[in-house]
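So the chains spell out like this:
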There are 4 protein chains.
Amino acid sequence: MELGMIGLGRMGSNMTRRLIRGGHHVYVNDVNLAASDALAECGAHVMIDPADMCARLPSPRVIWMMLPVGRIDLVLSEILPYLDPGDIIVDGGNAFYQDTQARARQCDVRGVHYLDVGVSGGIWGLERGYCLMIGGDPVAAKRLEPVFMALAPSTPPEAAGAERGFLFCGQSGSGHFVKMVHNGIEYGMMAALAEGFNLLEHADFASHFPPQPGVDPDHYSYTLPLADIAELWRHGSVISSWLLDLASMSLLLDPALEQFSPQVADSGEGRWTVRAAVDSGVPCPVLTAALFGRYSSRGQDDFANRLLSALRYQFGGHMNSAPATSRA
Amino acid sequence: MELGMIGLGRMGSNMTRRLIRGGHHVYVNDVNLAASDALAECGAHVMIDPADMCARLPSPRVIWMMLPVGRIDLVLSEILPYLDPGDIIVDGGNAFYQDTQARARQCDVRGVHYLDVGVSGGIWGLERGYCLMIGGDPVAAKRLEPVFMALAPSTPPEAAGAERGFLFCGQSGSGHFVKMVHNGIEYGMMAALAEGFNLLEHADFASHFPPQPGVDPDHYSYTLPLADIAELWRHGSVISSWLLDLASMSLLLDPALEQFSPQVADSGEGRWTVRAAVDSGVPCPVLTAALFGRYSSRGQDDFANRLLSALRYQFGGHMNSAPATSRA
Amino acid sequence: MELGMIGLGRMGSNMTRRLIRGGHHVYVNDVNLAASDALAECGAHVMIDPADMCARLPSPRVIWMMLPVGRIDLVLSEILPYLDPGDIIVDGGNAFYQDTQARARQCDVRGVHYLDVGVSGGIWGLERGYCLMIGGDPVAAKRLEPVFMALAPSTPPEAAGAERGFLFCGQSGSGHFVKMVHNGIEYGMMAALAEGFNLLEHADFASHFPPQPGVDPDHYSYTLPLADIAELWRHGSVISSWLLDLASMSLLLDPALEQFSPQVADSGEGRWTVRAAVDSGVPCPVLTAALFGRYSSRGQDDFANRLLSALRYQFGGHMNSAPATSRA
Amino acid sequence: MELGMIGLGRMGSNMTRRLIRGGHHVYVNDVNLAASDALAECGAHVMIDPADMCARLPSPRVIWMMLPVGRIDLVLSEILPYLDPGDIIVDGGNAFYQDTQARARQCDVRGVHYLDVGVSGGIWGLERGYCLMIGGDPVAAKRLEPVFMALAPSTPPEAAGAERGFLFCGQSGSGHFVKMVHNGIEYGMMAALAEGFNLLEHADFASHFPPQPGVDPDHYSYTLPLADIAELWRHGSVISSWLLDLASMSLLLDPALEQFSPQVADSGEGRWTVRAAVDSGVPCPVLTAALFGRYSSRGQDDFANRLLSALRYQFGGHMNSAPATSRA
């Protein structure tokens, strides 16, 4: 199949490679020319700009956008004028599904199909395959099955339905909605692992802190082999998972994790999941704790904490400050 | 190797079967004779009582206990008098690691080794193998390697260290400590999945509830194929995991999960994990939210909620009560 | 001062009474005629419809709306055509501040000032006075000071600034924003009290439940006088507060709180607070836990909990279901 | 009444002053002689050591200990040999109620009454009075009513029961148990306030951060007068409370709270509350979030956060590190 790919970051580039390996002809475009050139070596056709791409693609056109959220509307406005009814745009990025609904309506006016495809798999997807959650017009989605098949994990030929690694989830936005919840769960699972390993890391805390009432120091004097435990749990435990595989690799390479920042970024999907929870009346304390933990990691709780110290000072005369010290 | 197994519940029975398949001679005992008889058919030697077992086992003896926490001390008091210095008791149950430390000291006085082995794998362990976390005397643990090898997943012959599926974690209690944290993580991961699927389940809530400010009904009118999504995520997604495999099976068999209770039990390990977090000064909001969610599922928040309704009535005249109705 | 009041529920009616007591002339309107009639007895002028009210009020007009969020836009569309530049509309309800911004822009086009005034105090405000948080045009707000003065608590004549019980917070929407955060804090404080009293209520749990590892039954066998404790804490404790006063009254009247529902409603402000937290990157785990606790109290966690039970069944063979029982 | 006071920190000294003002004769002792001397000027009798105090007090003796938890057992062992059956020791500190039970049993063997009295009020108690929660032998407690009366807030003469500001809560340890829960609630209320003010503080975040999907910058461009808002809420709002009074004072003195540390200490009571919640099966998500927030404020989540960054790097190639930067 011939299709365009706009946006050649880590995700877009690897997906293009996997598509080419799957026998597809991919026309690529990115503001970063080096990214295009690298793919040209793999057989991609480099397009100077989106308009050029629209001109070269056979009708009905298929253009896959793999863009940061901030660039989607810009690219959309560049290509829409060149598209005809029946053409298909795929938004494979991590867009907010409510924005996706609006964009789909905008395309619908011109008869252009706007499919939203949530893509999971990260940088490992090139080898492992990508998990695809698809929303929008079902007929348009059906037409792209060869593309989805190439991107999804190589499943046994007899695989059917969701087992093939891609799924039509429903009307416009549903693909991004499902991807959003997927990432929400990802936040929760990551935090569960992180808290657990943090507990293991502190299992010897009694040797470093003064005794406290009701706590026997003998109960907290274990020096545990964290990297080995992570590896162990990959074999037959209830929590074996791909994220645990990655944790094991991380701890193997850098047992103290010193090269990694204690300030954790968040990318939007986690936030949107909590908004959906609040709107829907669905309690999601775990997913929310995971999100807020990342906010706090970046010092966003500092003012709140200063007020707590101030209150403690006011009622108890506790002054654990003066001057404020940086977090040890 | 010849060893005794006391406690033939789901875990103990399956482990015995796996040990026998691995070429070991297992002497079994349980208060439930039917459980013993079932294992006799597989080649286990049924012992009438623990004393009998101690008499029959070659020296140095190895006795594995696979008991509910409430029975451990009883069985220990029955067998200790028959044991000699150098014998090994293995506690493979979900005991509180602080109690394990005390039991190990009690055995140590008599020269008997008390190994704690956290066992993960559940009812699937028979085929899949068990993940073993071991604490206690390292020499005694080394002696039991053939036993651990038979229980652990069948890993490639060249596997080394933690890859073999069993690991010596450290001094007495550390095996149960690591298992405790494992289960704490399990609680968190399970809750992350459960919250996520609950969100998907309510993605059409706008069709059932009156509109609310700031919420566009079009954003919440998806009817999503939950079982398919669970299956999909097993293929290449970041959250692929054994628990997701189980969720997929559950939703396939009973999409509305109606046969399962909304009241969720908790087994002790989750509680102990939070205690350890509190004692250690390690924030574990996700693991704790998972535990408290189970408490609430059993109505343990009812009095608190009644007080909230009372306060709302007091300051706002809101009386959503009179009489109290059961949870819809 | 002459002003109109549209919306005569618990809040609007009591505020009208307080305004009349303060020497103001109030023209009232409500779809419920009985509410108007009751106020006529106190000296209010009953208006048949909003148009009538606009005709009778001297220019520049002041109309205070005290409406449920679902009715604000309707009433606004009814009165706007009758208003002139310089007139002032006050929205004193619990509107979503983002909607308030839009409404203010809509009025601004016609030269009409739209002030948002968050009002706290509940049904006690009639005697205790109302706490007022004001956003919008500062000149218009200044013009209404006599009205705010009558509504706010009777503070000493020399009181200045915020001590007077009303405050100009900033541009349009800021009054409702501050009220929203106030209610968010209210949710958190209420939940803190509710959790604490729930703990006291269960301080004798060891007499009702089987023993568990690491827990000495003697530590949990207190039967505590909850109503007395609530009263006690009102006198000199760090947590003395108006909400505690109300808790004390509630427990005095109905110590077991049996007449109050364990299902707790939420009114929007709590939700919007969490949305603001998520948008702002400000971690609010306490306020969010309070909101989600209310969701769970209404069974909104049921599907999640059924999945947890299903997972436990899948990996451990635990079937605490079959059939599902209602929450005890 | 004649009584001894051992431990003359902020709490013990002020309580002694209030007792003397109430007409009591107080014999004081502290390892810090300056503290004793300061009280001598107010009329206290300085005792060189606890033994001396025991010798001077009339029988049956009353000795009030106001000690840090780490010193209680030491002082107890010093005075117990000098006490006679019928004597009363009061433990007014923030001891762990489970330890209190053990100490009471130890005293009981010698016929000495050990009363536990939770004391709330902080440094303001001298003027405002102390709120007292009393556990132990009811007859002994009755005997001390004149002492409690002097310490408690000056309530109207006709006040009865809990209104007097002191309350007999039940058997040994119950006073400290109730104080523990009081402090747990205090943690929750403080955090609710802190989170709310943090939200207000960030209400202009859209001016400082890049735009994000689904967020209109106009919704987050308020610069709010925090100190005024705190003052305002003290007048007639639902959240008016003593802690809000203190917050108002803090923000008035130092609007940016720069002199206060963002690292918040925790004192034990909050931890014990969560332990009790876990043991009792009572969900306390708010109180626990408040506690964990303090842990995180001290960097106790750093290792967990590093693992999150590592996982993000592993699956997404996100490297927001290299080298790790300190929290801004």
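Rules used throughout
Residues numbered from 1 in each chain as written. Chains lettered and ligands numbered in written order. Predicted model: local features only at pLDDT ≥ 70, side-chain atom pairs only at ≥ 80, totals over all residues. Heavy atoms only, no water. Helix = DSSP H or I, 4+ residues; strand = E, 2+ residues; numbered from the N terminus. Buried < 20%, exposed > 50% of the residue type's maximum accessible area, 1.4 Å probe, protein only. Contact = heavy atoms within 4.5 Å. Areas by Shrake-Rupley, 256 points an atom, 1.4 Å probe, with all protein chains shown as cover. Buried area = accessible area lost by both parts, 1.4 Å probe. Salt bridge = Lys/Arg side-chain N within 4 Å of Asp/Glu carboxyl O. Polar contact = N/O pair within 3.5 Å; in protein donor to acceptor, adjacent residues only side chain to side chain. Nonpolar A, V, L, I, M, F, W, Y, C, P; charged D, E, K, R; others polar. Least-squares fit on C-alpha atoms with pLDDT ≥ 70 in both. Phe/Tyr/Trp six-rings, centres within 6.5 Å; stacked < 30°, edge-to-face > 60°. Pairing = 2+ DSSP bridges. Right-handed = clockwise from strand over helix to strand, strands pointing away.

K.L.:
Quick one: what's the story with the overall build of chain A, residue by residue and with numbers?
P.N.:
Within chain A, the regular secondary structure consists of 14 helices and eight strands. Overall size of chain A, expressed as C-alpha extent along the three principal axes, is 75 × 45 × 40 Å. Split into buried and exposed, the 328 residues of chain A put 65% on the buried side. Long-range contacts, defined as pairs at least 24 residues apart, comprise 63% of the intrachain contacts of chain A with a sequence gap of at least 6. When the accessible surface of chain A is totalled, it reaches about 10,900 Å², and 56% of it is carbon and sulfur.

K.L.:
Hey, could you go over the interface of chain A and chain B for me, with residue numbers and the actual values?
P.N.:
Counting residues at the interface gives 80 residues for chain A and 80 residues for chain B. Contact between chain A and chain B buries roughly 6,900 Å² in total, counting both sides, with carbon and sulfur atoms accounting for 69%. Ranking the residues of chain A by area buried against chain B places A:Leu199, A:Tyr222 and A:Val238 at the top, with a combined share of 11%. Inspection of the region where chain A meets chain B yields zero salt bridges. Inspection of the region where chain A meets chain B yields 35 residue pairs in polar contact (both at pLDDT 80 or more). Elements that contribute at least two residues to the side of chain A that touches chain B include exactly helix H5 (97–108), strand E7 (131–135), strand E8 (166–170), helix H9 (174–201), helix H10 (226–233), helix H11 (242–253), helix H12 (269–280) and helix H13 (285–297) of chain A. Grouping the constituent residues of the side of chain A that touches chain B by class yields 43 nonpolar, 27 polar and ten charged.

K.L.:
Account for the relation of the copies chain A and chain B, naming residues and giving values.
P.N.:
Between chain A and chain B, the superposition needs a rotation of 180° and an axial shift of 0.0 Å, giving an RMSD of 0.0 Å. Taken together, the rotation and translation relating the two chain copies correspond to the operation of a two-fold axis. The position closest to the rotation axis in chain A is occupied by the C-alpha of A:Ser241, lying 1.9 Å away. Counting the interface residues of chain A, we find that 100% of their copies in chain B are interface residues as well, pointing to one common contact surface.

K.L.:
Which residues make up the packing of aromatic side chains, and what are the values?
P.N.:
Per the stated rule, a full pass over the model turns up 56 aromatic pairs over all chains. Plain terms: the ring middles of A:Phe260 and D:Tyr313 are 5.9 Å apart, the flat faces sit at 50° to each other, and that makes the pair tilted. Taken together, the residues A:Phe260 in the loop between H11 and H12 and D:Tyr313 in helix H14 (residues 302–316) connect one chain to another. What makes A:Phe260 buried here is its relative accessible area of 4%. Summarising the aromatic geometry, the rings of C:Phe205 and C:Phe209 are spaced 6.3 Å apart at their centres and angled 55° between planes, so their arrangement reads as tilted.

K.L.:
Describe the pairing of strand E1 (residues 2–6) of chain D, and please don't skip the residues or the numbers.
P.N.:
Residues and elements named next belong to chain D. Burial analysis of E1 places four of its five residues in the buried class, which makes it a mostly covered element. Across five bridges, the pairing between E1 and strand E2 (residues 25–29) is parallel. Bridging from a neighbouring strand, Met5 pairs with Val28 of E2. In the classification by handedness, the crossover that spans E1, the intervening helix H1 (residues 10–21) and the parallel E2 is right-handed. Pairing analysis gives three bridges linking E1 to strand E4 (residues 62–65), with the strands arranged parallel. Its bridge partner lying in E4, Gly4 is registered against Ile63.

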